[in-house]
Amino acid sequence: MDLVRRTIELALENVENGGRPFACVISRGGEVVAESPNLVAQTDDPTAHAEIVAIRQACQRLGTENLEGHEIFVLAHPCPMCLGALYYCSPDQMVFVTTRDEYSRYYEDDRKYFELENFYDEFSKPWQERRLPMEHRPDEEGVDVYRRWRELNS
């Protein structure tokens with residue numbers, strides 16, 4: 001099976017059905033383990049990006065949070081949320097079909113703080129300088145949660 005072609009077909013089918021133009025296919029040894037289009041429009045869930053949904057499916061099906069030994073195919077270069085999830089699940093390889101430069105003249109996100117042309121730059125800024133208003137409210141008991149985790153997991 002041509003997994004790049006399957007990724008394109010899944011995304012196009014999603015567009016034809018009113019969804020957004022993104023898809024993800026996860027495979028191991030050429031066999032599909034999980035796949036999903038972007039389901040944000042269908043579910044009203046801003047985290048239902050194709051990569052997130054497919055990673056959840058694969059990990060639940062396999063009973064692991066680690067996708068070493070797998071390849072992940074996506075239609076577009078991943079957004080920061082999806083990129084974080086991809087790093088965390090650690091596949092052997094991630095293949096993307098289009099870059100932001102290739103598709104940005106046809107597709108635009110309309111979020112208050114999310115703009116393709118500068119969103120990645122936000123991550124390199126100190127949290128105090130980001131466009132999303134953030135406030136740090138330190139509380140030692142918050143750190144105690146991590147201390148307790150350490151005690152239970154050492």
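Calculation notes
Residues numbered from 1 in each chain as written. Predicted model: local features only at pLDDT ≥ 70, side-chain atom pairs only at ≥ 80, totals over all residues. Heavy atoms only, no water. Core = buried A, V, L, I, M, F, W, Y, C linked by side-chain atoms within 4.5 Å. Buried < 20%, exposed > 50% of the residue type's maximum accessible area, 1.4 Å probe, protein only. Helix = DSSP H or I, 4+ residues; strand = E, 2+ residues; numbered from the N terminus. Pairing = 2+ DSSP bridges. Axes fitted to C-alpha atoms, helices over the stretch in contact; angles between N-to-C directions. Contact = heavy atoms within 4.5 Å. Polar contact = N/O pair within 3.5 Å; in protein donor to acceptor, adjacent residues only side chain to side chain.

1. A short note on the nonpolar core
Judged by nonpolar contacts, the single largest core of 20 residues is most densely connected at Cys24, Ile26, Ile55, Ala58, Leu67, Ile72 and Cys89. Of all the elements in the fold, those that place two or more residues in this core are strand E1 (23-28), strand E2 (31-37), helix H3 (50-62), strand E3 (71-76) and helix H4 (80-89). Among the elements that make up this core, the one with the highest residue count is H3 (six residues). Counting residues in each nonpolar core, the second largest holds eight residues, with Leu10, Ala23, Val25 and Leu75 among its members.

2. A word on the sheet that holds E3
Strands belonging to one sheet form pairs held by backbone hydrogen bonds; the direction of such a pair is parallel or antiparallel. With mixed pairing, four strands are arranged side by side in an open sheet as E2-E1-E3-E4. Single-partner strands in this sheet number two, and they are E2 and strand E4 (93-98). Across the sheet, the mean angle separating the axes of adjacent strands is 15 degrees when strand polarity is ignored. Sheet topology note: the E1/E2 ladder contains six bridges and is antiparallel. Paired with Ser27 across the strands is Val32, a residue of E2. With respect to the sheet, helix H1 (residues 3-16) is in contact with E1, E2, E3 and E4, its orientation differing from that of E1 by roughly 150 degrees. Sheet strands in contact with H3 are E1, E2 and E3, and its direction is about 140 degrees off that of E2.

3. Side note on the side chain of Asn38
Summarising the element assignment, Asn38 is placed in the loop between E2 and helix H2 (40-43). Among the polar contacts listed, one links the side chain of Asn38 to the backbone nitrogen of Val40, at a separation of 2.9 Å. Residues within four places of Asn38 in sequence aside, it is in contact with Asn14, Arg20, Phe22, Ala48, His49 and Ala50.

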